[in-house]
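Structure assessment
Here is what each chain is made of, one letter per residue.
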Amino acid sequence: MDSVDYLKPPTTHRESRVNHRSLSAAALVATAALLLTACGGSGNDKSKDTHKIAGADQSTVKPSSPSSRPTDSQSRPKITLPSDVKNVFANWKTGDPAKDSVLADVAYRINATDEAITAGTPDAPPLPFYYQGDALLGAADWIQGYKKDGLSITGTTRYYNAQVQMSGMKSATVIYCSDESKAFDKVRSTGKPKVTPVTDDAYVLYNSRLEKNKKGVWQTVKLASKRGQKTCM
């Protein structure tokens, strides 16, 4: 595995812009080493469509599926994304109820973050519902940065190759990839996307740690990322 500095903040948009300094690089690399073989899939897989990821099908999972909810979904904050923002969660189920509950709340957290960016609300109620600790502070700061810069987001982001490692009943590590080749920053005042050429940086590896709270919600407490990770291409 290539040496990865997970503590260096990426320079481009979306979730990986946050610098989550509190999670040690050594711990991240060690965890990633255990799971990246499964996350990367076969190195010989190739896609005929440059916007499709080898090893990830085109199915979409709705994170609000009752079968994957640890608690009554009606007690959760409502999340609504604008019509021009779409998150696709490919193969986002493992068949293990415990792991699928974790993945469902990861998907909720991603949608909650994007909703807050588009609305320009770093203090949106869903954020402390799905984040806690350093991860919550980092997310709020990152969303505030979008607001300050007069930016929002637009387009489709695909999340795929999720791997869950449980540690007891109340702690889990989740590694997953994203394809941002069809997602862009958007100038809020004009509504125009800042379309940029697709490079390796459009493919991001995420490493997150989650803890289950008393309400049964899996909250992200640590989050780090690496752009241009070969295992996600």
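See the structure shown above.
Residues numbered from 1 in each chain as written. Predicted model: local features only at pLDDT ≥ 70, side-chain atom pairs only at ≥ 80, totals over all residues. Heavy atoms only, no water.

**As for the overall build of the chain**
- Secondary structure summary: the chain contains 4 helices and 5 strands in total.
- Counted over contacts in the chain with a minimum sequence separation of 6, partners at least 24 positions apart contribute 72%.
- Total accessible area computed for the chain in this model is approximately 11200 Å², and 52% of it derives from carbon and sulfur atoms. (Helix = DSSP H or I, 4+ residues; strand = E, 2+ residues; numbered from the N terminus. Contact = heavy atoms within 4.5 Å. Areas by Shrake-Rupley, 256 points an atom, 1.4 Å probe, with all protein chains shown as cover.)

**Side note on unusual backbone geometry**
- Non-glycine residue Asn 91 carries a positive phi angle of around 50°.
- Here Asn 91 shows up in the loop between strand 1 (85-89) and helix 2 (97-119).
- Positive phi outside glycine occurs at Asn 161, with the angle close to 50°.
- Within the element layout of this structure, Asn 161 appears in strand 2 (residues 151-166).

**Things to note about the nonpolar core**
- Judged by nonpolar contacts, the single largest core of 18 residues is most densely connected at Trp 92, Val 102, Val 106, Tyr 159, Val 174 and Tyr 176.
- Among the elements of the structure, helix 2, strand 2, strand 3 (171-187), strand 4 (203-212) and strand 5 (218-227) are those that each provide at least two residues to this core.
- If you tally residues by element for this core, the top one is helix 2, at 5 residues.
- Aside from chain neighbours lying at most four places away, what touches Val 174 is Val 102, Leu 103, Val 106, Gln 163, Val 164, Tyr 206, Asn 207, Ser 208 and Leu 210.
- Membership of the second largest hydrophobic core comes to 14 residues, among which are Ala 116, Leu 127, Ala 135 and Trp 142. (Core = buried A, V, L, I, M, F, W, Y, C linked by side-chain atoms within 4.5 Å. Buried < 20%, exposed > 50% of the residue type's maximum accessible area, 1.4 Å probe, protein only.)

**A look at the sheet that holds strand 1**
- Taking strand neighbours across the sheet as the criterion, the 5 strands line up as 1-2-3-4-5 in an open arrangement whose pairing is mixed. Looking at which strands have only one partner, the edges of the open sheet turn out to be strand 1 and strand 5. Between one strand and the next, the sheet's axes are offset by a mean angle of 25°, whatever the strand orientation.
- The sheet contact formed by strand 3 and strand 4 spans 9 bridges and is antiparallel. For Ile 175, the partnering residue across the bridge sits in strand 4 and is Asn 207.
- Here helix 2 sits on the sheet in contact with strand 1, strand 2, strand 3, strand 4 and strand 5, set at roughly 165° to strand 2.
- Together, strand 2, strand 3 and strand 5 form the strand contacts of helix 4 (residues 133-148), whose direction differs from that of strand 5 by roughly 60°. (Pairing = 2+ DSSP bridges. Axes fitted to C-alpha atoms, helices over the stretch in contact; angles between N-to-C directions.)

**Remarks on the pairing of strand 5**
- Counting buried positions along strand 5 gives 9 out of 10 residues, so the element sits mostly inside the fold.
- The antiparallel hairpin formed by strand 4 and strand 5 contains 5 residues in its connecting segment, where Gly 216 sits at a positive phi of about 85°.

**Quick word on the pairing of strand 2**
- Burial within strand 2 is extensive, with 12 of its 16 residues counted as buried.
- Sheet analysis places strand 1 next to strand 2, joined by 5 bridges and oriented parallel. Looking at strand 2, one finds that Val 85 is bridged to Gly 155.
- The pairing of strand 2 with strand 3 spans 13 bridges and is antiparallel. Counted as the bridge partner of Met 166 is Ala 172 from strand 3.
- Hairpin connection, strand 2 to strand 3: the antiparallel pair is bridged by 4 residues, and Gly 168 has positive phi, about 75°.

**Focus: the packing of aromatic side chains**
- Following the criterion strictly, the structure yields 8 aromatic pairs and no others.
- Here Phe 129 and Tyr 130 contribute two aromatic rings whose centre-to-centre distance is 4.9 Å and whose plane-to-plane angle is 65°, an arrangement assigned as edge-to-face.
- Seen from their ring centres, Tyr 176 and Tyr 206 are 4.9 Å apart, and the 20° between their planes marks the pair as stacked. Here the residue Tyr 176 occupies a position in strand 3, and Tyr 206 occupies one in strand 4, the gap between them amounting to 30 residues.
- With a relative accessible area of 0%, Tyr 176 lands in the buried category.
- Residue Tyr 206 is classed as buried on the basis of its relative accessible area, which comes to 0%. (Phe/Tyr/Trp six-rings, centres within 6.5 Å; stacked < 30°, edge-to-face > 60°.)

Nothing here speaks to function; it is all geometry.
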